[in-house]
Amino acid sequence: MAARRILTYPDTALRERAEPVTNIDGKIQEFIDDMADTMYQAPGIGLASNQVGEPCRIIVFDTSARDEPSDLVVVINPEIIEVDGVVSTEEACLSVIDYSADVKRAQRITVQGLDREGNPITLRKDGLSAIVLQHEIDHLNGLLFIDHVSKLKRELYKRRLKKTLKQRESSLQRL
Ligand code: NI
């Protein structure tokens, strides 16, 4: 098991649509363990496979509170079956540095997919888990939460990020 490097915007790999998993073998099991390690180490509450550069449709999340036992959920090939209601929540992302914004999403969601052993599962979620599911499934489709904010806000963020990345680069050169 090993944590992997998380790709960050504007890495173009984050924009690719991930392909369905067809064979759940030992390699996939290992990769899922790596994904969980990566998420917990970050730390984050959700991660999609293409955030670590593997374009296969797998998400992991854990929305348990800090004082609760961990509750890892793995969904392979997740598909949104039903949505209901609208809610606006402040979101952030391990792949979008130094930014958060309110995003409108469905309040309740039903998702079907496979668990890590390949058994069919149906998840009916509301609250934070519903938001995380939509956010991670977006990743698998090459979408980021910044795609849901206004163009103006997104442009302001892009400009600020460019500056930040440039500063980081120049501080590296000073080593
Ligand atoms: Ni994210």
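Higher on the page you've got the structure.
Residues numbered from 1 in each chain as written. Predicted model: local features only at pLDDT ≥ 70, side-chain atom pairs only at ≥ 80, totals over all residues. Heavy atoms only, no water.

Asks: Give a description of the pattern of salt bridges that names residues and reports values.
Replies: Per the counting criterion, the structure on display carries eight salt bridges. We note a salt bridge from D34 to R4, for which the minimum N-O separation is 3.1 Å. Remark: R4 occurs in the segment before α1 (26–41) and D34 occurs in helix α1; sequence separation between them is 30 residues. With a relative accessible area of 12%, D34 lands in the buried category. (Salt bridge = Lys/Arg side-chain N within 4 Å of Asp/Glu carboxyl O. Helix = DSSP H or I, 4+ residues; strand = E, 2+ residues; numbered from the N terminus. Buried < 20%, exposed > 50% of the residue type's maximum accessible area, 1.4 Å probe, protein only.)

Asks: Account for the coordination of the nickel ion, with residues named and values stated.
Replies: Surrounding the nickel ion are the protein donor atoms C93 (SG), H135 (NE2) and H139 (NE2), at 2.1 to 2.3 Å. Considered as a linear motif, the donors of the nickel ion on their single chain read C-x41-H-x3-H. One end of the pair, C93, is in strand β3 (residues 73–93); the other, H135, is in helix α2 (residues 127–140), with 42 residues separating them in the sequence. Each of the two residues, C93 as well as H135, counts as buried. (Donors = N, O, S within 2.8 Å, 3.2 Å for Na, K, Ca; no water.)

Asks: Describe α1, naming the residues involved and giving the relevant values.
Replies: Along its 16 residues, α1 runs 22 Å from first to last C-alpha, staying within 8% of the 22 Å computed at 1.5 Å per residue. Inspection of α1 places I28, F31, I32, D34, M35, A36, T38 and M39 among the buried residues, and these make up the whole buried set. Against β1 (46–48), β2 (58–61) and β3 lie the buried residues of α1. (Expected span 1.5 Å × (residues − 1). Contact = heavy atoms within 4.5 Å.)

Asks: Pulling in residues and values, what's your account of the packing of aromatic side chains?
Replies: Tallied over the entire structure, the rule returns three aromatic pairs. Relative to Y157, the ring of Y9 has its centre 6.2 Å away and its plane inclined at 35°; by these criteria the two rings are tilted. Of this pair, Y9 sits in the segment before α1 while Y157 sits in helix α3 (residues 151–173), placing them 148 residues apart in sequence. Each of the two residues, Y9 as well as Y157, counts as buried. Three or more aromatic residues joined by ring pairs form one cluster here, namely Y9, Y99, F145 and Y157. (Phe/Tyr/Trp six-rings, centres within 6.5 Å; stacked < 30°, edge-to-face > 60°.)

Asks: Explain unusual backbone geometry to me, using residue names and the numbers behind them.
Replies: Geometrically, the link from Y9 to P10 is a cis peptide bond, its omega value of 10° lying close to zero. Here P10 shows up in the segment before α1. In this chain, A42 is followed by P43 through a cis amide linkage whose omega measures -10°. Along the chain, P43 turns up in the loop between α1 and β1. We note that N77 has phi near 50°; this positive angle belongs to a residue other than glycine. Tracing the sequence through the fold places N77 in strand β3. The phi angle at D98 is positive, at roughly 55°, despite the residue not being glycine. Along the chain, D98 turns up in strand β4 (residues 96–114).

In short, geometric facts, not functional conclusions.
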